[in-house]
Amino acid sequence: MHGVGPSTLLGGRYAVQRRLEQLPRAERWSAHDTTLERDVVVVCFAEQDSHADTVLDAARRAAGLDNSRLVRVLDVGRSDGVGFFVEEASPESSTLAQLLEQGGLPAEEARRLTGEVATALEAARARGLHHLRLTPSSVLRAHDGTVKLRGVATAAALAGAEEVDSTTASRLDAVGVVAIAYAALTSRWPLPGTVPGLESAPHLVGGVPAPSEIAAGVPGDLDALCRLTLNEDQGPVTPGDFATQIAPWSSTPVEGLAAAPRDDALSPTIALPVDHLQRARQDPHEPEPVSADAHLPGIAPPGGIQPASGHAHPSGDDPTTPVRFDPAAQPMVRPSGTPGPADGDLGPGDQPRGIPDDADGEEEPGRGAAAAAGAAAAAGAVGSALGTAGHAAGHAAGVAAERVGTFAKAQADKAAQRRALRRAAEERAEGRRISLDDALVDDEGLEPPLPMLPPETAAKPTKDESKLVLAIIAAFLVVAAVLGYIGVSQIGKGSGNLLGDDTPKAGGTVTVTAPPATVTPSGGGEGQQPKELPILSVTGFDPEGDGSERNSEAARVFDGKKSTYWSSEGYASANLGGLKKGVGLRVDLGQTGKVSTVVLELPSPSDVTVYVGADRNSFAEGDELGHSSDKSGTVTIRADKPIDGQYVFVWFTKLSKVDDGRFRATLAEVTVS
């Protein structure tokens, strides 16, 4: 990239060292952070590109993610016409694409790796971020087995991808992690596009072959997920669904070798025993073998030639082992060592010696025995060649037919087994799924309730019975009316029993808890403490990020325990790494009240400002209650006069460094009055 090379200093602090990867619209370089003295990775691109602002914004949002399975974005900036963002370095790590160049991973290691990736994607999804460009090059595995995912939000921005709604993005990431599982099992990439170092999966009429059709030892659940997701447009809709379905997985790397590829996968090869035919034709002077169906007078057909020992394969179970015959048992077959045409006894197309070519057919005196011997040798040679070739051809055809039949039967059995497993899975799925209407209907087959009248009478109630029922109903109504009148008359008279006696009766105490009321200070005079206002809820507030800030810990700030606290995400510096102006918490009082005092328990020194307003999404329209700078412990922020509002914003603008080396805002308790 123009303007970037070894020794280039980006942002005044990142010394570029070596280019690691050439991306379509960017470059990834190793660099050294001269400020914090640490190695980092810098992804840089031309600042004038149309996607530059989008990439920088995506990197800022990704910097708010704090998950051990995600490669963290540490900084974002521009420098001399170059836009860049900084990632944490992952020394001695390899991408999944590099690992798969040697073949697929063990099945349980593939489960562990994809489970970690799915968990990382789900953590990003909870913060409103997605990957959308997941490939094996996005997954890193260290030597100790640690798995990290890079490129959340930034990979799609670099590729210029169009924005999609959250549901579609979640499904795309779920399909991506299934494709990662497929690649980890088979070392082949099933989705469109290419991945450097990996072959593309073969495409069939219905999609791609299931992993079990390419590699042996594939677990059934991973095989079914790949088939349903990649071929049938089913499967998980979010990465969290995928992680739930394949859990649990090993917390440590699974050592060992991957299952060997299936020999019969996709293109089965049948080894034909042609060795006999080749041996029969090694001698160029021997007669060409005739068809196995030929039957010459005086020569036993191929099916009639049997080994001397009576066994089909004297040398073992290998059908390609040459079969040797006993010349005594088969006189027509020339044994090894018998002179053939190469010895000068008989040549192709020649007549035996001693047989004249003249028409009278008389042979020379004394050569009858030689002629007979020559004829016998010729017949033996022809019989040997025909017998050997015929036996080899017949045996080859038998073995081929046997293997083809075995393969076809195995394929049919496997297909039947898959259909049975699919039907069982569908039946189990149907058994687990139930509609809301069905859930509201009790189908346990309970017996009907007992009738009020004996079933054997089957008659209407008498007048006396009807009067009794009406009397009972009237009595209930009278008692309910009296109790209701007494209860209404006691409203506003303080605690007491329902009969109007303010003195509690022996044997029990009735306590009435009145709802908290909004306190309005009158002039704020001395000695008059405002009453504490109840807190309905507390949530993280990050308007310049993804809208929330570690919401799972927010409830700790009003649980009455100073030992528990909320902390923000980690940042590279006290000013939030220059990524945003501040982060904080939003306290919801549930109703508009007059706020005059906010007490904060700060575990670490921070710069904090408190705002009160009516808009839950912004404190810009509210009023500042007060602020505190570089203080910790109990900090009281009090206004000159109460401020009306439902929401109290605790806004941190300067953070403190904590034990993990990151800068965070912390708050143990908040009290509003």
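Residues numbered from 1 in each chain as written. Predicted model: local features only at pLDDT ≥ 70, side-chain atom pairs only at ≥ 80, totals over all residues. Heavy atoms only, no water.

### So, the overall build of the protein chain
Now for step 1: Helix and strand counts for the protein chain stand at 11 helices and 19 strands.
Now for step 2: By residue count, 38% of the 673 residues in the protein chain fall in the buried class.
Now for step 3: Taking all contacts inside the protein chain whose residues are at least 6 apart in sequence as the whole, residues at least 24 apart take part in 67%.
Now for step 4: Put simply, the protein chain shows about 37,800 Å² of open surface, and 54% of that area lies on carbon and sulfur atoms. (Helix = DSSP H or I, 4+ residues; strand = E, 2+ residues; numbered from the N terminus. Buried < 20%, exposed > 50% of the residue type's maximum accessible area, 1.4 Å probe, protein only. Contact = heavy atoms within 4.5 Å. Areas by Shrake-Rupley, 256 points an atom, 1.4 Å probe, with all protein chains shown as cover.)

### A closer look at helix H6 (residues 220-231)
Because each turn of an α-helix spans 3.6 residues, side chains separated by three or four positions in sequence point in the same direction.
Now for step 1: The terminal C-alpha atoms of H6, which comprises 12 residues, lie 16 Å apart, in line with the 16 Å expected from a rise of 1.5 Å per residue.
Now for step 2: Among the residues making up H6, those that are buried are Leu 222, Asp 223, Leu 225, Cys 226, Arg 227 and Thr 229.
Now for step 3: One or two steps after H6, the chain reaches Asp 233, where phi turns positive at roughly 55 degrees. (Expected span 1.5 Å × (residues − 1).)

### Things to note about the sheet that holds strand S9 (residues 147-149)
Now for step 1: Strand order in the open sheet made by the 3 strands is S7-S8-S9, with antiparallel pairing throughout. Pairing within the sheet leaves two strands with one partner each, and these edge strands are strand S7 (93-95) and S9. On average, adjacent strands in this sheet sit at an angle of 30 degrees to one another, irrespective of strand direction.
Now for step 2: Pairing analysis gives 3 bridges linking strand S8 (residues 139-142) to S9, with the strands arranged antiparallel. Counterpart to Val 139 in the pairing with S9 is Leu 149.
Now for step 3: Strands in contact with helix H3 (residues 107-126) are S8 and S9; relative to S9, the strand with the most contacts, it is inclined by about 40 degrees. (Pairing = 2+ DSSP bridges. Axes fitted to C-alpha atoms, helices over the stretch in contact; angles between N-to-C directions.)

### Thoughts on the packing of aromatic side chains
The geometry of an aromatic ring pair is captured by two quantities: the separation of the ring centres and the angle between the planes.
Now for step 1: In the structure shown here, the tally under the stated rule is 8 aromatic pairs.
Now for step 2: Between Trp 566 and Phe 652, the ring centres sit 6.1 Å apart and the planes meet at 35 degrees, which makes this aromatic pair tilted. Of this pair, Trp 566 sits in strand S13 (residues 566-567) while Phe 652 sits in strand S15 (residues 623-654), and the two are 86 residues apart along the sequence.
Now for step 3: Classification of Trp 566 by relative accessible area gives buried; the value is 0%.
Now for step 4: Since its relative accessible area comes to 0%, Phe 652 is described here as buried.
Now for step 5: Here a set of aromatic residues connected by ring pairs shows up, and it is made of Phe 541, Tyr 611, Phe 619, Phe 649 and Trp 651. (Phe/Tyr/Trp six-rings, centres within 6.5 Å; stacked < 30°, edge-to-face > 60°.)

### Focus: the pairing of strand S14 (residues 583-613)
Now for step 1: In terms of burial, S14 is a largely internal element, 24 of the 31 residues being buried.
Now for step 2: Bridge analysis of strand S12 (residues 537-541) against S14 gives 5 bridges, and the strand direction is antiparallel. What sits directly across from Gly 540, in S14, is Leu 585.

### Concerning the environment of Ala 614
Now for step 1: Here Ala 614 is to be found in the loop between S14 and S15.
Now for step 2: Measuring from C-alpha to C-alpha, the distance between Ala 614 and Thr 592 comes to 7.6 Å, with 22 residues separating the pair along the chain.

### Points about helix H7 (residues 239-246)
Now for step 1: Those residues of H7 that sit buried are Pro 239, Gly 240, Phe 242, Ala 243 and Ile 246. Buried positions in H7, seen along its axis, are confined to an arc of 160 degrees and lie on one side of it.
Now for step 2: Contact partners of the buried residues in H7: H3, helix H5 (166-186) and H6. (Arc of directions from axis to C-beta.)

### What to know about the nonpolar core
Here is a general trend for soluble globular proteins: nonpolar side chains tend to be buried in one another's company.
Now for step 1: Ranked by size, the top nonpolar core spans 94 residues in total, and within it Leu 600, Leu 667 and Val 672 carry the most contacts.
Now for step 2: Setting aside anything within four residues of it in sequence, one finds Val 672 in contact with Glu 532, Leu 533, Ile 535, Val 587, Leu 589, Val 595, Thr 597, Val 598 and Val 648. (Core = buried A, V, L, I, M, F, W, Y, C linked by side-chain atoms within 4.5 Å.)

### A look at unusual backbone geometry
Now for step 1: At the junction of Ala 247 and Pro 248, the peptide bond is cis and its omega measures out at -5 degrees in the coordinates.
Now for step 2: Within the fold, Pro 248 resides in the loop between H7 and helix H8 (275-280).
Now for step 3: Its identity is not glycine, yet Asp 80 carries a phi of approximately 50 degrees, on the positive side.
Now for step 4: Take Asp 80: it is sitting in the loop between strand S5 (73-79) and strand S6 (82-88).

### Describing the confidence of the model for the protein chain
Detailed reading of the predicted model is not advised wherever pLDDT is low.
Now for step 1: Per-residue pLDDT for the protein chain averages 74, and the proportion of residues at 70 or more is 63%.
Now for step 2: Low confidence marks residues 267-369, where pLDDT is under 50. Its contacts with residues over four positions away, or in another chain, come to 112 contacts. (pLDDT = per-residue confidence, 0-100.)

### Describing the sheet that holds strand S3 (residues 27-33)
Now for step 1: Taken in spatial order, the 6 strands of this open sheet run S1-S2-S3-S4-S6-S5, and their pairing is antiparallel. Each edge of the sheet is formed by a strand with only one pairing partner; in this case those strands are strand S1 (9-10) and S5.
Now for step 2: Sheet topology note: the strand S2 (residues 14-22)/S3 ladder contains 7 bridges and is antiparallel. From the neighbouring strand, Tyr 14 faces S3, where its bridge partner is Asp 33.
Now for step 3: Across the face of the sheet, helix H1 (residues 52-63) comes into contact with strand S4 (38-46), S5 and S6 while running at roughly 155 degrees to S5.

### Comments concerning the packing of H5 against H6
Now for step 1: Here H5 crosses H6 at 130 degrees, and the two axes come no closer than 10 Å. Between H5 and H6, the interaxial angle falls into the category oblique. Along this stretch, H5 crosses H6, giving a crossing that reads as left-handed. Contact residues: Arg 171, Val 175, Val 178, Tyr 182 and Leu 185 in H5; Leu 222, Leu 225, Cys 226, Thr 229 and Leu 230 in H6.
Now for step 2: By residue class, the composition of the contact of H5 with H6 is 8 nonpolar, 1 polar and 1 charged. (Parallel < 35°, antiparallel > 145°, perpendicular 65-115°, else oblique. Left-handed = near helix turned anticlockwise from the far one by under 90°. Nonpolar A, V, L, I, M, F, W, Y, C, P; charged D, E, K, R; others polar.)

### A word on the pairing of S3
Now for step 1: Across the 7 residues of S3, 7 count as buried, placing the element largely inside the fold.
Now for step 2: Along S3, one buried face is formed by Glu 27, Trp 29, Ala 31 and Asp 33 and the opposite face, lined by Arg 28, Ser 30 and His 32, is buried too.
Now for step 3: Between S2 and S3, which follow one another and run antiparallel, lie 4 residues.
Now for step 4: Sheet analysis places S3 next to S4, joined by 7 bridges and oriented antiparallel. By the bridge assignment for S4, Ser 30 is matched with Val 41.
Now for step 5: Hairpin connection between S3 and S4: a loop of 4 residues separates the two successive antiparallel strands, and Glu 37 in this loop has a positive phi of roughly 55 degrees.

### A few points about the environment of Leu 228
Now for step 1: Considering the arrangement of structural elements, one finds Leu 228 in helix H6.
Now for step 2: Considered as a pair, Leu 228 and Val 178 are 50 residues apart in the sequence and their alpha carbons are 10.0 Å apart.
Now for step 3: The contacts of Leu 228, once residues within four sequence positions are left out, are Asp 233, Gln 234 and Gly 235.

### What about the pattern of salt bridges?
Now for step 1: Enumeration according to the criterion identifies 26 salt bridges in this entry.
Now for step 2: Where Arg 69 meets Glu 116, a salt bridge forms, and the shortest distance between an N and an O atom there is 2.8 Å. Here Arg 69 is found in the loop between H1 and S5, whereas its partner Glu 116 is found in helix H3, with 47 residues between them in sequence.
Now for step 3: Taken together, the shared-partner salt bridges connect Glu 21, Arg 28, Glu 87 and Arg 150 into one network. (Salt bridge = Lys/Arg side-chain N within 4 Å of Asp/Glu carboxyl O.)

### A few points about a nonpolar patch on the surface
Now for step 1: A surface patch of nonpolar side chains, amounting to about 400 Å² of accessible area, comprises Val 469, Leu 470, Ile 473 and Leu 477.
Now for step 2: Topologically, Leu 470 is positioned in helix H11 (residues 463-489). (Patch = residues over 30% accessible without salt bridge, like charges linked within 9 Å, V, L, I, M, F, W, Y side chains within 5 Å.)

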